[in-house]
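# A structural walkthrough
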Amino acid sequence: MTHSSKQPASSLKIGALAPLTRPGWVEAGQHLLVGMQLAVRNVNDAGGVDGIPLELIVRDTAADPQKAAAAVDELADLGVIALAGEYHSVVASAVAVRADALGLPFLCSSAVLDALTERPTEWVARIAPAQSRGWRIYADFLLGAGHSRIAAAIAPSVYWASGVRILRERFAARGGSVVEFDMGVLAPADVRGELVAQRATALLLLVGYPEPAVSIVKAVRSDPRLADTLIGAPAGQPELAEWAALLGDEAAAIPFLRYLPERLGPLGARVDAALREGLGGAPSFVAFEGYDTIAVLAEALRSHGTDRARIAQAWAQVSVEGTRGQIRFSRVPGIGVWQWAWAPIQVVDRDPAKPGRFRILHAG
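Residue numbers here run from 1 along each chain, matching the order of that chain's written sequence. For this predicted model, a pLDDT threshold of at least 70 governs which residues receive local features, and a threshold of 80 or more governs which side-chain atom pairs are given and counted, while totals over whole chains, interfaces and linings are taken from all residues. Calculated side-chain values reflect all of the structure's heavy atoms, with hydrogen atoms and water omitted.

## Re the sheet that holds strand β15 (residues 354-363)
For two strands to pair, DSSP has to find at least two bridges joining them. What counts as a helix is a DSSP run of H or I of at least four residues, what counts as a strand is a run of E of at least two, and both are numbered from the N terminus. Taken together, the three strands give an open sheet; going across it, the order is β10-β14-β15, and neighbouring strands pair in antiparallel fashion. Where the open sheet ends on each side, the last strands, each with one partner, are β10 (256-258) and β15. Ignoring strand direction, the axes of neighbouring strands in this sheet form an average angle of 45°. Pairing between strand β14 (residues 346-351) and β15: six bridges, direction antiparallel. When the bridges of β15 are listed, R350 appears paired with F358. Note on geometry: axes are C-alpha line fits, over the in-contact stretch for helices, and angles between N-to-C directions span 0 to 180 degrees.

Okay, here's the thing in structure tokens:
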């Protein structure tokens, strides 16, 4: 579809995908959407794209790949010129496959699974860093802190299986080991005995949120034998306010990955202030990913036009000042989509002395 006919478009429609209902991670979806909406507002306040405003058409994916694929078809029929967003990797993968089949540009905001598509595609680009990069940095943090034998409470999922494989390879290369606890079989309370028996010094939560993640934390924290056991959550569950609300003091000192620089630049600081107003609290990195996604799409539209094929051609050429650095896409070995290489990566936790404050423990 093109908007180059004699009748000018009244708006440039972008399909926005996010998990806005359970079992999706709703708080992450809200942050993602608020970030995208703020960027659209800023673009439109500055005159839109060649005088034409952007319009977001929002669809809830609810962490359901089939629902998301159906939404892609619906949005394509509604005339969107590109897709943006999504948080859950398995869902974003379904979106990417469908977008590729339809010839619809998709700029993925937050999903990190390396193999977002089974085969290389020109139609999909990604803002978020690949899981292999972030989780290797996380493994290096654990190894550097003296954890050579760790356990992973793992739920069945392509995403979690990919994550534990990355950790296992990194630990094996340094003489360490990773033992898996199958949470399809074990109850949260069972994890305590397994940790003692395996003599693991850290437990990683590679499971659903809020459950069973919250119950596992409570079970481990309640056992005096495990007082020195580190609990980690590389996927970032402790970033959002709901985690602290559900766990109270037990929410602190659980390291996770987030994709922010040590200090925001002038643009990032302005966006941060606006996001705080829109969210009524501190924005997560996911909100910045949403903002950056729209900023990149707006620049692609300005520089290459509003035809779907031309937008996809822009991935190789756009260079955009994002909230967390200059965004350019390239082809990265082992990843079939255009990738920003790389967003800044930190390992962070909530400060036990003040759980509303984050401590940067490691940066990569």
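That covers the picture; the talk isn't over yet.
## Thoughts on the confidence of the model for the protein chain
The predicted model of the protein chain averages 96 in pLDDT, with 98% of residues at 70 or higher. The pLDDT value tells you how sure the predictor is about a given residue, anywhere from 0 up to 100. Element-level pLDDT for the protein chain is lowest in helix α8 (residues 241-247), with a mean of 92, against a maximum mean of 99 in strand β4 (residues 106-108). Residue contacts are counted whenever heavy atoms from the two residues lie within 4.5 Å of one another. Confidence drops under pLDDT 50 across residues 1-6; counting only partners more than four residues distant or on other chains, this segment forms ten contacts.

## Here's the deal with helix α7 (residues 213-221)
Residue pairs spaced three or four apart in an α-helix point in one direction, given the helix's 3.6 residues per turn. Between buried and exposed lies partly exposed: a residue is buried under 20% and exposed over 50% of the maximum accessible area for its type, with that area taken using a 1.4 Å probe on protein chains only. The set of residues buried in α7 consists of A213, V214, I216, V217, A219 and V220. Buried residues belonging to α7 abut β6 (149-154), α6 (190-198), β8 (202-206), β9 (230-232) and α8.

## A short note on the pattern of salt bridges
In the sections that follow, a salt bridge refers to a side-chain nitrogen of Lys or Arg positioned within 4 Å of a carboxyl oxygen of Asp or Glu. Under the counting rule described, the total for this entry stands at 15 salt bridges. When the shortest N-O distance is used, the salt bridge between R276 and D272 registers 2.9 Å. Of this pair, R276 and D272 are both found in helix α9 (residues 266-279), four residues apart, which corresponds to roughly one turn of the helix. Of the residues examined, D272 reaches a relative accessible area of 15% and is grouped as buried. One salt bridge in this structure joins R302 and E299, with 3.5 Å as the shortest N-O distance. Of the two residues, R302 and E299 are both situated in helix α10 (residues 285-304); the distance of three residues between them amounts to about one turn of the helix. Three or more residues joined by partner-sharing salt bridges are found here, namely D140, R170 and R174.

## A short note on the packing of helix α1 (residues 26-45) against α10
Put simply, α1 and α10 touch, their axes get as near as 7 Å, and they point 35° apart. Here α1 and α10 pass one another in a crossing that is right-handed. Contact residues: A28, H31, L32, G35, M36, L38, A39, V40, N42 and V43 in α1; V286, A287, G290, Y291, I294, A295, A298 and R302 in α10. In this count, Pro and Cys sit with the nonpolar residues alongside Ala, Val, Leu, Ile, Met, Phe, Trp and Tyr, while Asp, Glu, Lys and Arg are called charged and the others, Gly among them, polar. Considered class by class, the residues forming the contact of α1 with α10 number 13 nonpolar, four polar and one charged. Crossing handedness follows the turn of the near helix against the far one: under a right angle anticlockwise gives a left-handed crossing, and clockwise gives a right-handed one.

## Focus on the pairing of strand β1 (residues 12-18)
Of all the seven residues making up β1, six are buried; the element is thus mostly covered by neighbouring parts of the structure. In terms of strand pairing, β1 meets strand β2 (residues 54-60) through seven bridges, oriented parallel. Its bridge partner lying in β2, A18 is registered against D60. Summarising the sheet, β1 and strand β3 (residues 82-85) pair through four bridges and their orientation is parallel. When the bridges of β3 are listed, A16 appears paired with A84.

## Thoughts on helix α2 (residues 65-77)
Multiplying 1.5 Å by the helix residue count minus one yields the expected span of that helix. The end-to-end C-alpha distance of α2 is 19 Å, a good match for the 18 Å that 13 residues give at a rise of 1.5 Å each. Those residues of α2 lying buried are A68, A69, A71, V72, L75 and A76. Projected onto a plane normal to the axis of α2, the buried residues spread over an arc of 155° and lie on a single side. Relative to its buried face, α2 has exposed residues pointing more than 90 degrees away, namely Q66 and D77. N or O atoms within 3.5 Å of each other form a polar contact, as long as, within protein, one can give a hydrogen and the other can take it, and as long as residues adjacent in sequence are counted only when both atoms are side-chain atoms. Regarding α2, its N-cap is D64, as a side-chain oxygen of that residue lies 2.9 Å from the backbone nitrogen of Q66 further along. With its phi angle positive at about 90°, G79 sits one or two positions after the end of α2. Of all possible arcs, the one meant is that of the directions from the helix axis to the C-beta atoms.

## What about the packing of aromatic side chains?
Any Phe, Tyr or Trp ring, taking Trp's six-membered ring, that has another such ring centre within 6.5 Å forms a pair; planes under 30 degrees apart are called stacked, those over 60 apart edge-to-face, and the others tilted. For the coordinates displayed, the defined rule picks out ten aromatic pairs. Note on W135 and W160: the rings are 6.5 Å apart at their centroids and 50° apart in plane angle, and the pair reads as tilted. In this pair, W135 sits in helix α4 (residues 131-144) while W160 sits in helix α5 (residues 158-173), placing the two residues 25 residues apart along the sequence. Given the relative accessible area of 0%, W135 is considered buried. Taken together, the aromatic side chains of W25, Y87, Y209 and W243 make up a single cluster linked through ring pairs.

## A few points about the sheet that holds β8
The strand order across the open sheet formed by four strands is β7-β6-β8-β9, and the pairing between neighbours is parallel. Only two strands of the sheet have a single neighbouring strand rather than two, namely β7 (177-182) and β9. Neighbour to neighbour, the strand axes of the sheet diverge by 25° on average, direction disregarded. When β8 meets β9, the two strands line up parallel, connected through three bridges. What sits directly across from L204, in β9, is G232. Taken strand by strand, α5 contacts β6, β7 and β8, and its axis lies near 155° from that of β7. Of the strands in this sheet, β6, β8 and β9 are in contact with α7, which crosses β8 at around 165°.

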